[in-house]
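# Reading the structure
Here is what each chain is made of, one letter per residue.
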Amino acid sequence: MPEIKVTPLGAGQDVGRSCILVSIGGKNIMLDCGMHMGYNDDRRFPDFSYVTQNGRLTDFLDCVIISHFHLDHCGALPYMSEMVGYDGPIYMTHPTKAICPILLEDFRKITVDKKGETNFFTSQMIKDCMKKVIPLNLHQTVQVDDELEIKAYYAGHVLGAAMVHIKVGSESVVYTGDYNMTPDRHLGAAWIDKCRPDILISESTYATTIRDSKRCRERDFLKKVHETIERGGKVLIPVFALGRAQELCILLETFWERMNLKAPIYFSTGLTEKANHYYKLFITWTNQKIRKTFVQRNMFEFKHIKAFDRSYADNPGPMVVFATPGMLHAGQSLQIFKKWAGNEKNMVIMPGYCVQGTIGHKILNGQRKLEMEGRATLDVKLQVEYMSFSAHADAKGIMQLIRMAEPRNMLLVHGEAVKMEFLKGKIEQEFSIDCYMPANGETTTVTTNPSVPVDISLNLLKREMALGGPLPDPKKPRTMHGTLIMKENSLKLVSSEQALKELGLNEHQLRFTCRVQLQDPHSDADTLHRIYTHLKSVLKGYTIQHLPDGTVIVESIVIKVSSSAEDSNTKVLLLSWSYQDEDLGSFLSSLLKKGLPSGIC
């Protein structure tokens with residue numbers, strides 16, 4: 001039986017370093033190629049030696065697909081293509097292709113120029129890697145080669161994020177990347193066809209969470225920011241440059257305007273100008289409201305939000321600062337956090353998921369003394385708040401996507417093992433499908449039952465309907481009798497008469513014969529009459545005839561009797577039937593082998 005194999009090299013029972021290997025119909029595809037925010041050593045990148053111990057990855061992979069520009073999904077791409085070695089096609093959407101190199105270069109600067117790491121990709125490697133990228137349009141089927149095709153669907157989450165439907169012959173897999181089933185202030189909700197894939201590979205970051213209403217969260221967020229500003233405190237909001245940043249900027253901009261507030265709001269990093277440029281460029285990827293108002297007013301040009309300068313962090317008085325990155329593991333957000341952590345008037349609001357090992361994760365778990373670089377300790381006195389503005393699907397959203405796509409099997413990645421286990425049970429219970437959650441380096445093998453599409457001739461369908469059977473039900477299989485013809489790689493089921501006509505063949509009758517020995521002391525004619533009487537009593541509703549030529553006929557079955565040459569009491573019955581009555585013929589031969597009841601005259 002054909003099978004599909006899925007092996008996570010990253011994001012197996014873990015969040016970060018997303019990299020999933022899929023083998024389907026003899027093709028090998030790598031889905032995402034990310035880095036792990038929680039590590040600074042070799043564990044930061046996926047272990048590509050799993051694919052090959054020596055030699056280039058090009059020889060083993062048919063294509064690489066990147067779902068979106070977040071570094072935990074694309075951060076290892078230049079390392080994989082330029083340092084390990086891969087020259088094949090890399091697919092991603094247009095916005096991802098535009099934004100990915102900017103974030104990779106920013107990441108390289110922090111790692112190499114500031115931290116001085118050596119075994120790392122260069123700016124040139126990022127450029128060379130991006131030359132291998134082939135952009136994808138939504139809902140466009142792309143033929144990777146003669147057999148492998150891919151199609152991208154809108155995933156919400158961030159600008160340009162896509163889910164992919166991968167198909168080889170009649171086998172298929174859907175990979176969600178990160179997605180969001182609820183629309184927000186700047187993006188729409190994820191959507192996919194009812195494509196019924198063999199496996200749906202879904203992220204499960206919030207596998208056990210059902211988020212409260214978005215309006216409540218927004219009100220809570222604005223209240224906390226406003227209260228901190230009123231008491232003269234500073235608010236730090238660590239974000240990634242694209243995505244939640246724009247979402248929260250739109251929210252604060254509107255609130256500041258409405259409340260006529262004067263406290264400054266800053267956005268650290270030059271990335272925001274570039275980010276807003278790309279939001280304008282790819283306006284079609286945003287939600288309907290932003291597209292409608294775009295002509296009169298661009299929602300991404302902010303009146304109250306100004307660019308941040310490092311020196312502003314020491315300014316007296318209240319302020320709100322958006323700083324990157326979002327998990328407080330490096331960069332400007334960490335620098336500002338260190339300066340503001342000692343004052344209880346201040347507040348840090350974490351709007352998204354934080355990976356284990358990051359400062360963000362530590363303070364959210366209540367750690368108040370942090371060990372920083374150089375063995376220095378930092379006392380955390382400021383208020384710490386977590387408000388999920390994360391653009392991942394929650395448990396309800398994951399179930400919604402399963403209903404939408406109707407997969408035959410489910411596989412969870414990009415989540416924590418305990419939470420995945422809970423969701424796995426819910427999915428299996430509600431949808432009665434198998435759900436898998438492999439760890440990194442562990443292979444899940446799913447046997448597929450490929451369906452072969454067959455056209456049915458109109459005449460055959462009409463004949464079937466004329467027989468008066470139940471009306472066709474798409475959910476229930478139905479048996480059709482006919483002749484299967486293959487023409488130009490397509491199959492067609494037609495009536496036997498039509499098949500003979502189309503192929504120019506003559507019809508032949510195929511008959512089966514069978515000999516049965518019977519002990520009976522009567523003459524041949526009497527034995528035949530006894531058989532006729534016996535069959536009349538057993539086979540109600542069948543046409544049974546005793547003909548003058550010494551034969552009994554049941555439907556198309558002919559029965560003749562002759563005595564054995566050695567013993568006149570041993571009768572030899574000859575049964576003959578056409579293939580249409582094969583079941584009845586087999587039944588009669590078994591019945592007559594048991595002999596005739598003694599009471600029959």
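With an unreviewed UniProt entry as reference, the chain is termed Integrator complex subunit 11, source organism Amphilophus citrinellus. The annotation that UniProt attaches to the chain under Sequence similarities (unreviewed entry) is "Belongs to the metallo-beta-lactamase superfamily. RNA-metabolizing metallo-beta-lactamase-like family. INTS11 subfamily."

Let us now look at the overall build of the chain. Per the secondary structure count, the chain includes 16 helices and 30 strands. At 36 Å, the chain has a C-alpha radius of gyration far larger than the 25 Å of a compact globule built from 601 residues. If one aligns the C-alpha atoms of the chain with their principal axes, the spans along those axes are about 125 × 50 × 50 Å. By the burial criterion, 52% of the 601 residues in the chain qualify as buried. Taking the intrachain contacts of the chain between residues at least 6 apart in sequence as the baseline, contacts between residues at least 24 apart amount to 70%. Summed over its atoms, the accessible surface of the chain is roughly 29,000 Å², and 50% of this surface lies on carbon and sulfur atoms. Counting 71 positive and 68 negative side-chain charges, the chain places the centres of these two groups 8 Å from one another.

On to the pairing of strand β12 (residues 234-238), then. Across the five residues that make up β12, a large majority, five, are buried. Of the strand pairs in this sheet, β12 and strand β15 (residues 319-323) are connected by five bridges, and their pairing is parallel. Paired with Pro 238 across the bridge in β15 is Ala 323. Bridge count for β12 against strand β16 (residues 347-350) is two bridges, and the pairing is parallel. Counted as the bridge partner of Val 235 is Met 347 from β16.

Quick look at the domain arrangement of the chain now. Taken as a whole, the chain is organised into domain 1 (3-210 + 391-447), domain 2 (214-386), domain 3 (452-467 + 480-507) and domain 4 (511-594). Just the C-alpha atoms count here: the centres of domain 3 and domain 4 sit 35 Å apart.

Read from one edge to the other, the open sheet built from seven strands follows the order β7-β8-β9-β10-β11-β20-β21, with strand pairing classed as mixed. A strand with exactly one partner marks an edge of an open sheet, and here the two such strands are β7 (141-143) and β21 (434-436). Direction aside, the axes of adjacent strands within the sheet are offset by 20° on average. Its contacts with the sheet place helix α11 (residues 395-405) against β9 (162-168), β11 (199-203) and β20 (409-413), and it is angled at close to 160° to β11.

It is worth spelling out the packing of helix α2 (residues 77-85) against helix α4 (residues 123-130) at this point. Between α2 and α4, whose axes approach to 9 Å, the crossing angle comes to 90°. One element, α2, and the other, α4, form an angle in the roughly perpendicular class. Contacts from Leu 77, Pro 78, Ser 81, Glu 82 and Met 83 in α2 reach Met 125, Ile 126, Asp 128 and Cys 129 in α4. A breakdown of the residues in the contact of α2 with α4 according to their chemical character gives six nonpolar, one polar and two charged.

Moving on, we come to the state of the cysteines. Overall, the coordinates contain zero disulfides when judged by the stated rule. The thiol sulfur of Cys 19 is not disulfide-bonded, and the nearest other cysteine sulfur, from Cys 33, lies at 4.9 Å.

Time to look at the environment of Ser 451. Counting through the fold element by element, Ser 451 comes out in the loop between β22 (444-447) and β23 (454-456). On a C-alpha basis, the gap between Ser 451 and Glu 171 in space is 8.5 Å, while along the polypeptide they are 280 residues apart.

Reading the values: the criteria
Residues numbered from 1 in each chain as written. Predicted model: local features only at pLDDT ≥ 70, side-chain atom pairs only at ≥ 80, totals over all residues. Heavy atoms only, no water. UniProt positions renumbered as here; feature names shortened; annotations may be inferred. Helix = DSSP H or I, 4+ residues; strand = E, 2+ residues; numbered from the N terminus. Rg over C-alpha atoms; globule rule 2.2 N^0.38 Å. Buried < 20%, exposed > 50% of the residue type's maximum accessible area, 1.4 Å probe, protein only. Contact = heavy atoms within 4.5 Å. Areas by Shrake-Rupley, 256 points an atom, 1.4 Å probe, with all protein chains shown as cover. Lys, Arg positive; Asp, Glu negative; His and termini not counted. Charge placed at Lys NZ, Arg CZ, Asp CG, Glu CD. Pairing = 2+ DSSP bridges. Domains from an automatic or database assignment. Axes fitted to C-alpha atoms, helices over the stretch in contact; angles between N-to-C directions. Parallel < 35°, antiparallel > 145°, perpendicular 65-115°, else oblique. Nonpolar A, V, L, I, M, F, W, Y, C, P; charged D, E, K, R; others polar. Disulfide = S-S within 2.5 Å.

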